[in-house]
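# Observations on the three-dimensional arrangement
If you want the building blocks of each chain, they are given just below.
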Amino acid sequence: MAFAPEICVIIAAKDASRTIGRAVRSALREAEVAEVVVVDDGSADETAEAARAVDDVTGRLRVISLEANMGPAFARNHAIAHSGAPLIAILDADDFFLPGRFTRLSDQQDWDLIADNIVFLDGRHVTAEPDIAEFDAAPRLLELVEFVGGNISKRGAPRGEMGFLKPVIRRDFLERAGLRYREDLRLGEDYEFYVRVLARGGRYKLVHGCGYGAVVRPDSLSGRHRTADLKRLYEADRSILETERLSGEEEAAIRRHERHVRARYELRNFLDIKAESGLARAGIHGLANAGALPAIVSGIAFDKYDALTARQAQPDVVPTSPRYLLAATPARKAAPDPAGR
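Residues numbered from 1 in each chain as written. Predicted model: local features only at pLDDT ≥ 70, side-chain atom pairs only at ≥ 80, totals over all residues. Heavy atoms only, no water.

## Concerning the overall build of the protein chain
When its secondary structure is counted, the protein chain shows 11 helices and 10 strands. Within the protein chain, the fraction of its 341 residues that count as buried is 47%. Roughly 17300 Å² of accessible area belongs to the protein chain as shown, and the carbon and sulfur atoms make up 53% of that amount. (Helix = DSSP H or I, 4+ residues; strand = E, 2+ residues; numbered from the N terminus. Buried < 20%, exposed > 50% of the residue type's maximum accessible area, 1.4 Å probe, protein only. Areas by Shrake-Rupley, 256 points an atom, 1.4 Å probe, with all protein chains shown as cover.)

## So, the side chain of Glu 30
Mapped onto the elements, Glu 30 comes out in the loop between helix 1 (20-28) and strand 2 (33-41). Within the structure, the side chain of Glu 30 is placed 3.2 Å from the backbone nitrogen of Gly 100, a separation counted as a polar contact. Beyond its immediate chain neighbours, meaning those up to four positions away, Glu 30 contacts Arg 60, Leu 98, Pro 99, Gly 100, Arg 101 and Phe 102. (Polar contact = N/O pair within 3.5 Å; in protein donor to acceptor, adjacent residues only side chain to side chain. Contact = heavy atoms within 4.5 Å.)

## With respect to the pattern of salt bridges
Per the counting criterion, the structure on display carries 22 salt bridges. The partner of Arg 176 in a salt bridge is Asp 112, and the shortest N-O contact between them spans 3.9 Å. Note that Arg 176 is positioned in helix 6 (residues 171-177) and Asp 112 in the loop between helix 4 (101-105) and strand 6 (113-122), a separation of 64 residues in sequence. Among the residues examined, Arg 176 registers a relative accessible area of 58% and is labelled exposed. Residue Asp 112 is classed as buried on the basis of its relative accessible area, which comes to 5%. For Arg 200, the salt bridge is made with Glu 244, and the minimal N-O distance between the two is 2.7 Å. With a gap of 44 residues between them, Arg 200 in the loop between helix 7 (189-199) and strand 9 (204-216) and Glu 244 in the loop between helix 8 (227-243) and helix 9 (248-277) connect regions that are remote in the sequence. You can call Glu 244 buried: its relative accessible area is 11%. A cluster of three or more residues bridged by salt bridges with shared partners is formed by Arg 76, Asp 92, Lys 166 and Asp 190. (Salt bridge = Lys/Arg side-chain N within 4 Å of Asp/Glu carboxyl O.)

This is the structure:
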């Protein structure tokens, strides 16, 4: 049975005038969507106007403009507060839904959050209707340990963090669990939010069929962050450890993530000091913080290795096929009827 028109799509947008129209159109074409709330997060371009330009005059689109940039977590919370549909779907301003996404998800039951596979598309060549593989749905529940582990980057592997998942969320679960996005985070706000969802008993179902197109651009805002953002993220892990009820295995997974992010912070902080005050000052800082030295030394070594291999690699190679977040099994096609029926 299909969803009734009971989904609110929330889109936090910052300087997204080039892509917001495609995102809004992809939401409005889905019959299950009752509301689309765009929060223009202090854009310096015509993001709000571009969103309104694709309104289908069904009364479902609302565009809210913030005078100052408050960050994606604040913008999403603002959209949640200014909407009322029982289901909330997250859509980034660069991205779009594939046709029929919510019809396919409506086959699933027993969830508080549900997300499907993501196809990553090169922003230089993306089309509104990409050729996407069909996969078996293979629905399963996502556990906290797997989710946290899927957000720890591995060198040499494509960036494919589980935090990129864009679920449909039951509003009544958020209210019962007392959950909203943490507004002081501008990096990893999705990760922190979903960890708390899982820690508080949320049933997070994954479907391996693909319904979400993520556009990868080198100038994406999500690819840029400050050193302070890394610090807030590992501190958020520590807050989760202090405030949530976790099993031993879950606690160990979050500690691994905290160490991973803290190592990135220590390297970035060292490089910031070097850039601002010189190598000698940075060296004094490193020696005074002996616990940070392994992260700094190994990080510099890996960065130099990556730079060397990048020079030897062929530049600007465009992927020949889409990349998917979740490993999946191609859907089996029905055998032809020998009688021609």
